[in-house]
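Here is what each chain is made of, one letter per residue.
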Amino acid sequence: MRRCLFLALFLAITAAAQSVTVRILATTDLHGNIYPYDYFTAKPAPRGIAKIATLIAQERNPNTLLIDCGDTIQGATLETVHQQAVRKGTKDPDPMMLAMNKLGYDMMTLGNHEFNYGLKNLEAARQAAKFPWVSANIEGPAKFAPYFIKTVSGVRVAIVGITTETIPSWEKKENYAPLKFESAVAVAKKTVAELRASKKADVIVISAHTGLDRDTRTGVVHEQSLANEQVAYQIAESAGADAVIFGHTHAELASYKVGDVLMMQPRNWGMSLGEMDITVERDGASWKISSKKSKTIPVTDATAVDESILAIGKPYHEAAEKYLSQLVAESPVALSTAMSRVEDTALIDAIQ
């Protein structure tokens, strides 16, 4: 009897070791949204990393990686006020990095908005992070790692970071020089090839801050105002990765395939969490992917907040509210827009 039980246990353990499902949870374009709050309307909103934290806790398992696809340290007034304070010399750490540290992020890809306040502010936030900032196609003295590798239950998973190459078209040169932005598609292809050749990774996923240039239902390609800004499709088509998780366009894509490459994009501002499961099975001494699936999980009004994340954001939130409550000017008369469509009014003059 004991021998039968031992054999059954041995077979179960052996079978389990032959198959592993790696789960990747992802956010993108968080834009400084910690609180579930709209600073423009001063009303609650179903968004923010304090709510995303609850979804992460629900979906996380021992085989999970947690990543972000960029545009993280700019956007909500909470971050704007902090970034202005950094320029004035504050040593307070970046609030988004504190929240992401608390949640145990594994890595983050740089987005274009990471450069909005210049390299001094970027480096201050980067130093506060307990996880690497990754981008394979940014060249220069900042020395961002091209990829992040972690072993999950014996499976080596590589996450390659790719940043939109069109940053110089928007950003003031002093905010990014002397860094250079190389071709996103070419560098993605080269980096994946190097990982395949070196056999450093069993699973290769690209975390890209660049969007899709086409309608996923019709295949119609949209005209781009900037060449090579939205190249997530081209990366999936040619880089040779197993999956592409991306951001930048503030859209949402639960699951989409380009050939055998699985693609996913969570919503912006922490309005949904992306979840991708990649199952691998033993193939001799290596692993072979047997299935891939992905989905996005929405944040709703009913999604609970993580109080520990709210506590991290509280002093920054209060500073933002204080900033927004400042008196800008006073008018000796009431200002109305009632006739603004047909005649000049003082309020429209003030806006102009």
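See above for the structure.
Cut-off values and rules
- Per chain, the residues get numbers from 1 upward, laid out in the order the sequence is written.
- With the structure being a predicted model, the display of local features is reserved for residues of pLDDT at least 70 and the display and counting of side-chain atom pairs for 80 or more, all residues being used for whole-chain, interface and lining totals.
- Derived side-chain values reflect all non-hydrogen atoms in the structure, with water molecules and hydrogen atoms excluded from consideration.
- As used here, the term nonpolar core means buried Ala, Val, Leu, Ile, Met, Phe, Trp, Tyr and Cys residues forming a set that is joined through side-chain atoms within 4.5 Å.
- Only protein chains enter the accessibility calculation, which uses a 1.4 Å probe; a residue is then buried when its area is under 20% of its type maximum, exposed when over 50%, and partly exposed in between.
- A run of H or I in DSSP becomes a helix once it reaches four residues, and a run of E becomes a strand once it reaches two; helices and strands are each numbered from the N terminus.
- For this analysis, residues touch if any pair of their heavy atoms sits within 4.5 Å.
- Whenever two N or O atoms come within 3.5 Å, that pair is a polar contact, provided that in protein one can donate a hydrogen and the other can accept it, and provided that, for residues adjacent in sequence, both atoms are side-chain atoms.
- Each axis is a line fitted through C-alpha atoms, taken for helices only over the stretch in contact, and angles between the N-to-C directions span 0 to 180 degrees.
- Our angle categories are set so that under 35 degrees counts as roughly parallel, over 145 as roughly antiparallel, 65 to 115 as roughly perpendicular, and the remainder as oblique.
- Note on convention: the crossing is left-handed when the near helix lies turned anticlockwise from the far helix by less than a right angle, right-handed when the turn is clockwise.
- Any two rings among Phe, Tyr and Trp, with Trp reduced to its six-membered ring, count as a pair given centres within 6.5 Å; such a pair is stacked if its planes are under 30 degrees apart, edge-to-face if over 60, and tilted if neither.
- Two limits define a charge over a ring: the Lys NZ or Arg CZ must be within 6 Å of the ring centre, and within 35 degrees of the ring normal.

Caption draft 1: Just the nonpolar core, in detail. Ile 49, Met 97, Tyr 105, Phe 115, Trp 133 and Ile 309 are the most contacted members of the largest nonpolar core, which has 47 residues in total. For this core, the elements supplying multiple residues, two or more each, are helix H2 (49–59), helix H3 (77–87), helix H4 (95–103), helix H5 (119–128) and helix H9 (307–324). Those residues in contact with Ile 309 that sit more than four places away from it in its chain are Ile 34, Ile 49, Ala 50, Ala 53, Ala 99, Lys 102 and Leu 103. Among the nonpolar cores identified, the runner-up in size contains 28 residues, and Ala 201, Ile 204, Leu 212 and Ala 232 belong to it.

Caption draft 2: Spatial organisation of the environment of Arg 196. For Arg 196, the location among the structural elements is in helix H7 (residues 184–198). For Arg 196, a relative accessible area of 34% translates into the label partly exposed. For Arg 196 and Val 134, which are 62 residues apart along the polypeptide, the C-alpha to C-alpha distance reads 19 Å. Setting aside chain neighbours within four positions, we find Arg 196 in contact with Asp 202, Ile 204, Gly 240, Ala 241 and Asp 242. Here Gly 240 takes part through its backbone oxygen, which lies 2.9 Å from a polar atom of the side chain of Arg 196.

Caption draft 3: Spatial organisation of the packing of H4 against H9. At a closest axis distance of 9 Å, the pairing of H4 and H9 adopts a crossing angle of 165 degrees. In this view, H4 runs roughly antiparallel relative to H9, as classed from their interaxial angle. Seen from above, H4 lies across H9 with right-handed handedness. Of the residues in H9, those in contact with Pro 95, Leu 98, Ala 99, Lys 102 and Leu 103 of H4 are Ser 308, Ile 309, Ile 312 and Tyr 316.

Caption draft 4: Spatial organisation of the packing of aromatic side chains. According to the stated counting rule, one finds 4 aromatic pairs in the structure shown. Seen in terms of ring centroids, Phe 115 and Phe 181 are 5.4 Å apart; in terms of plane orientation they differ by 85 degrees. Their pairing is edge-to-face. Of this pair, Phe 115 sits in the loop between strand S5 (107–109) and H5 while Phe 181 is found in strand S10 (residues 180–181), placing the two residues 66 residues apart along the sequence. Phe 181 matches Phe 115 in its accessibility class, with the two residues each being buried. Where Tyr 176 meets Phe 181, the ring centres are 5.8 Å apart and the plane angle is 65 degrees; that geometry is what we call edge-to-face. A residue is classified by how much of its surface remains accessible, and Tyr 176, at 10% relative accessible area, is buried. Among the aromatic side chains, those forming a connected cluster through ring pairs are Phe 115, Tyr 176 and Phe 181. Residue placement shows Arg 214 over the ring face of Tyr 233; its charged tip is 3.6 Å from the ring centre.

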